[in-house]
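# Structural overview for review
Next come the chains, spelled out residue by residue.
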Amino acid sequence: MASTADIRNGVVLNMDGQLWAVTDFQHVKPGKGGAFVRTKLKNVVTGKTVDRTFNAGAKIETENVDRQDFQYLYADGDSYVFMDVSDFDQLTVSSVVVGEASNFLLENQNVTIALHNGNPLYVELPASVVLEITYTEPGLQGDRSTGGTKPATVETGFQIQVPLFLEQGTKVKVDTRTGDYLGRVN
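Residues numbered from 1 in each chain as written. Predicted model: local features only at pLDDT ≥ 70, side-chain atom pairs only at ≥ 80, totals over all residues. Heavy atoms only, no water.

Counted only if it meets this: UniProt positions are given in the numbering used here, feature names are shortened, and annotations may be inferred rather than shown by experiment.
Under the annotation held in an unreviewed UniProt entry, the chain carries the name Elongation factor P and is attributed to Cryobacterium breve. Per UniProt, the comment on the chain under Function (unreviewed entry) is "Involved in peptide bond synthesis. Stimulates efficient translation and peptide-bond synthesis on native or reconstituted 70S ribosomes in vitro. Probably functions indirectly by altering the affinity of the ribosome for aminoacyl-tRNA, thus increasing their reactivity as acceptors for peptidyl transferase." UniProt, in the comment section headed Subcellular location (unreviewed entry), describes the chain in these words: "Cytoplasm".

Structure (structure tokens):
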């Protein structure tokens, strides 16, 4: 058991049998009344975000979550196989746990996987990845007043919006949190 003084960003709490990661916290001391800690919590499994307030000094239950570096090897049906870069053990992770990260996974890519008692909780990608455009329509110039975008399919099969001047075979940088186009890569 820990107290609210131990709350920091990234700490994982066990509340009502579920794991919640602290994404934001603020210690508040109003002029009248007792102090409290206002937190923003994200459910580790479902991704749901809630705001929760704790009285200062209240007891909370923290969980130990290990974050380890893995390398993505291949997809096997509806699961994904990763290799621990430190001891080369393989870990199979279900597509439910991988979630949206599957849109940006390339073979031999390094990722961070959060483990709780040996069970994978979520897969964390780098902030951006470089992907190659495998299909896009040719862009037509001169039919609008501002810079337009067009859909493009990248090598993982995910579809993003890119500027009209990009062609098939171009490598682009993509934000893994939002799926937005960030720029060309030479």
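Picking up where we left off.
### With respect to the sheet that holds strand 16 (residues 171-175)
Heads up, the condition is: Any two strands are treated as partners once DSSP identifies two or more bridges connecting them. Counting from the N terminus, the helices are DSSP H or I runs at least four residues long and the strands are E runs at least two residues long. Only the stretch in contact is used when fitting a helix axis, every axis being a line fitted to C-alpha atoms; angles between N-to-C directions are given from 0 to 180 degrees.
Ordered by their spatial adjacency, five strands build an open sheet running 15-14-13-16-17, and the pairing between neighbours is antiparallel. Taken across any chain shown, the strands that pair with only one partner, and hence form the sheet edges, are strand 15 (159-163) and strand 17 (181-184). Going across the sheet, the axis of each strand differs from the next one's by a mean of 50°, ignoring polarity.

### Some details on the nonpolar core
Selection criterion: In this text, buried Ala, Val, Leu, Ile, Met, Phe, Trp, Tyr and Cys residues form a nonpolar core when linked through side-chain atoms within 4.5 Å. Classification of residues uses two cut-offs on accessible area relative to the type maximum, computed with a 1.4 Å probe and protein chains only: under 20% is buried, over 50% is exposed, and between them is partly exposed. It only takes one pair of heavy atoms within 4.5 Å for two residues to be counted as in contact.
Counting residues in each nonpolar core, the largest one holds 25 residues, and the members touching the most others are F70, F82, V98, L105, V111, I113 and V123. Breaking this core down by element, the ones donating at least two residues are strand 8 (66-76), strand 9 (79-84), strand 10 (90-94), strand 11 (110-116), strand 13 (128-136), strand 14 (149-154), strand 15 and strand 16. The residues contacting L105, other than those within four sequence positions of it, are Y72, Y80, F82, V98, V111, L125 and T156. Within the second largest apolar cluster, 10 residues are counted, among which are A2, L13, M15 and V22.

### What about the layout of surface pockets?
So the rule is basically this: Here the term cavity refers to a set of points on a 1 Å grid, laid over the protein atoms alone, in which a 1.4 Å probe fits but cannot get out; the term pocket refers to an open set having protein on both sides within 12 Å along at least five of seven lines, with lining residues being those that place an atom within 4 Å of a point. Grid points are joined across faces, edges and corners, and a volume is the space filled by probe spheres set on the points. Polar here means any residue other than Ala, Val, Leu, Ile, Met, Phe, Trp, Tyr, Cys and Pro, which are nonpolar, and Asp, Glu, Lys and Arg, which are charged; Gly is therefore polar.
Space inside the largest pocket adds up to approximately 810 Å³. Forming the walls of the largest pocket are 32 residues, and the residues nearest its centre are K42, V44, Y122, V123 and E124. Put simply, the parts of the chain that give the lining of the largest pocket at least two residues each are strand 3 (18-28), strand 4 (36-43), helix 1 (95-98) and strand 12 (119-124). With five residues, the top contributor of residues to the lining of the largest pocket is strand 12. Counted by class, the lining of the largest pocket contains 17 nonpolar, 10 polar and five charged residues.

### Quick notes on the UniProt feature "domain: Translation elongation factor P/YeiP central" (unreviewed entry) in the chain
Residues given the UniProt feature "domain: Translation elongation factor P/YeiP central" (unreviewed entry) here are residues 67-121. Secondary structure over residues 67-121 splits into 7% helix and 56% strand, and the C-alpha atoms at its two ends are 10 Å apart.

### Side note on the pattern of salt bridges
Formally: When a carboxyl oxygen of Asp or Glu lies within 4 Å of a side-chain nitrogen of Lys or Arg, that pair is called a salt bridge.
Counting across every chain of the model gives three salt bridges. In this structure, the salt-bridge partner of E124 is R67, at a minimum N-O distance of 2.5 Å. Of this pair, E124 sits in strand 12 while R67 sits in strand 8, placing them 57 residues apart in sequence. R177 serves as the salt-bridge partner of D175, at 3.3 Å between the closest nitrogen and oxygen. Classification of D175 by relative accessible area gives buried; the value is 10%.

### Details of the pairing of strand 5 (residues 49-55)
By the bridge criterion, seven bridges tie strand 4 to strand 5 in an arrangement that is antiparallel. Note on strand 5: the bridge partner recorded for F36 is N55. Between strand 4 and strand 5, which pair antiparallel in sequence order, lie five residues; one of them, G47, sits at a positive phi of approximately 85°.

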